[in-house]
Amino acid sequence: MAHQAGLNRRAFLRNAGMTAVAGVVGGATAVRPAAAGASVQRPTNGRYDFDTPLNRIGTMSVKYDQQITKYGKDSISVGMGVADMDFRVPPAITNALAKRIEHECWGYLDMPPAFADSIVAWNKRRYNQTIDPALLQISSGVYPGLIAAMQTFCPPGSKVILQTPTYNGFYGMLDFAKVTREESPMKIVNGRYTFDFEDLERRITHETHALILCNPQNPTGNVWTEAELTRLGEICLRRRVIVLSDEIHCDFVTKGQAYVPFGNLPDKDIVRNSMTFKAASKSFGLAAHKVGWFFSDNPEFMARVRANHRADISTLGVVANHAALTEGGEWLDQLVEYLDANHDFTLDFISTKMPSIKAYKPESTYLSWIDVTEVAERIGAARLAAEANRTKAPGAADLTPEQMVERFFVREARVQLNQGASYGPGGANHMRMNLGTSRQMLEEGLTNMANAVRRL
Ligand SMILES: Cc1ncc(COP(=O)(O)O)c(C=O)c1O
């Protein structure tokens, strides 16, 4: 990878303003963190730089380092898997963190009311959503909030509905909460994923207590319309199924699309039958800081879930998230534009240079849900998976044809994508491709993939 060649890891960490963790990731002597603002990116003519590639290798990242551990040294050139981005955070975040780090003392955190205020103000400003601060709970991410809600509303062994293909992390959350999945596959109508309401109604039984809605949807990128959400909400209300709405991807709508918060639906009975789970971690690249929040218009729901929920939040998480929500709006607007152009670039690239893969422009997210049926056929993915399963270790999970496609792209293109089968029914023959990176890295990943496909 040309732009990473010759990069010395310590120099990279220094350039990336990450000298504070050099002792951990590089084994080098820990050095004092950069002074506030010392190597922080600044906008030029009011524009932030999303173009300069960022080398994340050696920073304990899932997207790069975990894949290199799995697939071997030099195996990954462009990470296009886990949903985080390869951008430096807004300068306001780095400045706020650096300032707090200078204090060099880390006693117990007294959660400042200003942080909850910043969450309320952000949602009001950007989405005209009114959150009652008394019904807002700060959490250490969407995961712990959703798990606490399922543990509250869904007895062990009962069923939670997922509309698939859907975020693969939900499966692990359900296991943790000791509940079972009830999968309602979505339909594709005129090329767009839609809920299958008839199927949903059929699947709800006395054992079903909750539905996890993904709005906007990961991996398909759908933003649900007010009509779709209302119909879904009406069915759930009537059938006594609580809607747990995960809206973590809401900041990323593509041009011409609009995100409708479930909590803004006009029917207040439908809204009171729901809880919303959010975070700024996708929007600002803060996943490792472990902060999220949830809220509901229903005081009883909130009281019950709070009784099962314990948030362990770090001071740095609060500092980073507060800076993001109070000062990061302009950076985020520019990022959303950049990612929109990444989607256009990708679509154009695929249709002209890799036409055997089918793609569409999603309505939201920095993810692309691509159909790789032809590639899977050409590499004999089903046969490879069957062979691998005959010789796999006893008790090991079955390998899927999509995992064979993932391996193919790692081996032949040094690109890691997430395999579609992990997103549930409807995920076969698909891969999820993360476009949250610089245009240069994106082009390199796509070019490597196109060359690999061409060689087949
Ligand atoms: C839909 C969805 N929900 C939740 C998460 C994870 O949330 P958190 O890191 O806040 O627990 C992700 C991460 O990819 C996601 O895509």
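Residues numbered from 1 in each chain as written. Predicted model: local features only at pLDDT ≥ 70, side-chain atom pairs only at ≥ 80, totals over all residues. Heavy atoms only, no water.

1. Regarding the pattern of salt bridges
Part 1 of the reasoning: Applying the stated rule across the entire model yields 31 salt bridges.
Part 2 of the reasoning: Residue Asp-84 pairs with Lys-63 through a salt bridge whose shortest N-O separation is 3.9 Å. Note that Asp-84 is positioned in the loop between strand E1 (78-80) and helix H4 (91-102) and Lys-63 in helix H3 (residues 62-71), a separation of 21 residues in sequence.
Part 3 of the reasoning: The partner of Arg-192 in a salt bridge is Glu-228, and the shortest N-O contact between them spans 2.7 Å. Taken together, the residues span a long stretch of sequence, with Arg-192 in strand E6 (residues 192-194) and Glu-228 in helix H9 (residues 226-238) at a distance of 36 residues.
Part 4 of the reasoning: Residue class for Arg-192 comes out partly exposed when judged on its relative accessible area of 22%.
Part 5 of the reasoning: Taken together, the shared-partner salt bridges in this structure form one network comprising Lys-159, Glu-182, Asp-199, Arg-202, Arg-203 and Glu-207. (Salt bridge = Lys/Arg side-chain N within 4 Å of Asp/Glu carboxyl O. Helix = DSSP H or I, 4+ residues; strand = E, 2+ residues; numbered from the N terminus. Buried < 20%, exposed > 50% of the residue type's maximum accessible area, 1.4 Å probe, protein only.)

2. A closer look at the state of the cysteines
Two cysteines form a disulfide when their sulfur atoms are joined by a covalent bond.
Part 1 of the reasoning: Summed over all chains, the structure comprises 0 disulfides.
Part 2 of the reasoning: Here Cys-214 stays unpaired: no disulfide links it, and the sulfur of Cys-250, its closest cysteine neighbor, is 11 Å away. (Disulfide = S-S within 2.5 Å.)

3. Section: the packing of helix H6 (residues 142-153) against helix H12 (residues 299-306)
Part 1 of the reasoning: Where H6 contacts H12, the two axes come as close as 9 Å, and the packing angle between them is 100°. When the axis of H6 is compared with that of H12, the two are roughly perpendicular. Across the interface between the two elements, Ala-148, Ala-149, Thr-152 and Phe-153 of H6 pack against Phe-301, Arg-304 and Val-305 of H12.
Part 2 of the reasoning: Among the residues forming the contact of H6 with H12, the class breakdown is 5 nonpolar, 1 polar and 1 charged. (Axes fitted to C-alpha atoms, helices over the stretch in contact; angles between N-to-C directions. Parallel < 35°, antiparallel > 145°, perpendicular 65-115°, else oblique. Contact = heavy atoms within 4.5 Å. Nonpolar A, V, L, I, M, F, W, Y, C, P; charged D, E, K, R; others polar.)

4. Section: H6
Part 1 of the reasoning: Taking 1.5 Å as the rise per residue, H6 with 12 residues should run 16 Å; its terminal C-alpha atoms sit 17 Å apart, in good agreement.
Part 2 of the reasoning: Burial analysis of H6 places 9 of its 12 residues in the buried class, which makes it a mostly covered element.
Part 3 of the reasoning: Turning to H6, its buried residues are Val-142, Gly-145, Leu-146, Ile-147, Ala-148, Ala-149, Met-150, Thr-152 and Phe-153. (Expected span 1.5 Å × (residues − 1).)

5. Describing the site of the ligand
Part 1 of the reasoning: Around the ligand, the structure places Ala-83, Gly-141, Val-142, Tyr-143, Tyr-167, Cys-214, Asn-218, Asp-246, Ile-248, His-249 and Lys-282.
Part 2 of the reasoning: In the model, an oxygen atom of the ligand is placed 2.7 Å from a nitrogen or oxygen of the Val-142 main chain.
Part 3 of the reasoning: The side chain of Asp-246 places a nitrogen or oxygen atom 2.5 Å from a nitrogen atom of the ligand.
Part 4 of the reasoning: Protein burial of the ligand: of its 400 Å² of free accessible surface, 92% is covered by the chains.
Part 5 of the reasoning: In terms of residue class, the shell around the ligand is built from 6 nonpolar, 3 polar and 2 charged. (Near = heavy atom within 4 Å. Polar contact = N/O pair within 3.5 Å; in protein donor to acceptor, adjacent residues only side chain to side chain. Areas by Shrake-Rupley, 256 points an atom, 1.4 Å probe, with all protein chains shown as cover.)

6. Quick look at the nonpolar core
Part 1 of the reasoning: Counting residues in each nonpolar core, the largest one holds 38 residues, and the members touching the most others are Met-85, Ile-93, Leu-136, Phe-284, Trp-331 and Leu-335.
Part 2 of the reasoning: Mapped onto the domain boundaries, this core takes at least three residues apiece from domain 1 (31-92 + 329-454) and domain 2 (113-327).
Part 3 of the reasoning: Those residues in contact with Phe-284 that lie beyond four places of it in its chain are Met-85, Val-89, Pro-90, Ile-93, Trp-122, Ala-324, Gly-328, Trp-331 and Leu-332.
Part 4 of the reasoning: In this structure, Ile-357, Met-433, Leu-446 and Ala-450 belong to the second largest nonpolar core, which totals 36 residues. (Core = buried A, V, L, I, M, F, W, Y, C linked by side-chain atoms within 4.5 Å. Domains from an automatic or database assignment.)

7. Some thoughts on the confidence of the model for the chain
Part 1 of the reasoning: For the chain, mean pLDDT is 92; residues scoring 70 or higher make up 91% of the total.
Part 2 of the reasoning: Of all helices and strands in the chain, the one with the weakest mean pLDDT is helix H2 (residues 22-25) (34), whereas strand E8 (residues 242-246) scores best (99).
Part 3 of the reasoning: In this model, residues 1-38 is a region of pLDDT below 50 whose contacts with residues beyond four sequence positions or in other chains number 59 contacts. (pLDDT = per-residue confidence, 0-100.)

8. Considering the packing of H6 against helix H7 (residues 169-176)
Part 1 of the reasoning: At a minimum axis distance of 9 Å, the contact between H6 and H7 shows a crossing angle of 45°. As far as their axial angle goes, H7 and H6 are oblique. Two packed elements cross with a definite hand, and for H6 against H7 that hand is right-handed. Where H6 abuts H7, its residues Tyr-143, Leu-146, Ile-147, Met-150 and Gln-151 lie against Gly-169, Phe-170, Met-173, Leu-174 and Phe-176. (Left-handed = near helix turned anticlockwise from the far one by under 90°.)

9. Looking at unusual backbone geometry
Backbone geometry follows two general trends: most residues other than glycine have a negative phi, and most peptide bonds adopt the trans configuration.
Part 1 of the reasoning: Following Thr-164, the chain continues into Pro-165 via a peptide bond in cis, with omega recorded as 0°.
Part 2 of the reasoning: Relative to the helices and strands, Pro-165 resides in the loop between strand E3 (159-164) and H7.
Part 3 of the reasoning: Here Asn-215 and Pro-216 are connected by a cis peptide whose omega angle stands at -5°.
Part 4 of the reasoning: Among the secondary structure elements, Pro-216 is positioned in the loop between strand E7 (208-214) and H9.
Part 5 of the reasoning: Not every positive phi belongs to a glycine, and Asn-128 is a case in point at roughly 50°.

10. A closer look at the packing of aromatic side chains
Part 1 of the reasoning: Tallied over the full model, the rule gives 17 aromatic pairs.
Part 2 of the reasoning: Between Phe-195 and Trp-224 the ring centres are 3.9 Å apart and the planes differ by 25°, which places this aromatic pair in the stacked class. You can see Phe-195 sitting in the loop between E6 and helix H8 (197-203) and its partner Trp-224 sitting in the loop between E7 and H9, a full 29 residues away along the chain.
Part 3 of the reasoning: Judged by relative accessible area, Trp-224 falls into the buried class, the value being 0%.
Part 4 of the reasoning: The ring centre of Trp-106 lies 4.5 Å from the NZ or CZ of Arg-100, which sits over that ring.
Part 5 of the reasoning: When the ring centre of Tyr-338 is taken as reference, the NZ or CZ atom of Arg-439 above it lies at 4.4 Å. (Phe/Tyr/Trp six-rings, centres within 6.5 Å; stacked < 30°, edge-to-face > 60°. Lys NZ or Arg CZ within 6 Å of the ring centre and 35° of its normal.)

11. A few points about the domain arrangement of the chain
Part 1 of the reasoning: When the domains of the chain are assigned, the result is domain 1 (31-92 + 329-454) and domain 2 (113-327).
Part 2 of the reasoning: Here domain 1 and domain 2 have C-alpha centroids that lie 25 Å from each other.
Part 3 of the reasoning: Each partner contributes to the roughly 2800 Å² buried at the junction of domain 1 and domain 2, and carbon and sulfur atoms together form 57% of this total.
Part 4 of the reasoning: Remark: the boundary between domain 1 and domain 2 carries 3 salt bridges.
Part 5 of the reasoning: Across the pair Glu-363 and Arg-192 runs a salt bridge whose closest N-O atoms are separated by 2.8 Å.
Part 6 of the reasoning: Of all the elements, helix H14 (residues 329-353) adds the most residues to the side of domain 1 that touches domain 2, at 9 residues.
Part 7 of the reasoning: Residue composition of the side of domain 1 that touches domain 2, by class: 17 nonpolar, 9 polar and 5 charged. (Buried area = accessible area lost by both parts, 1.4 Å probe.)

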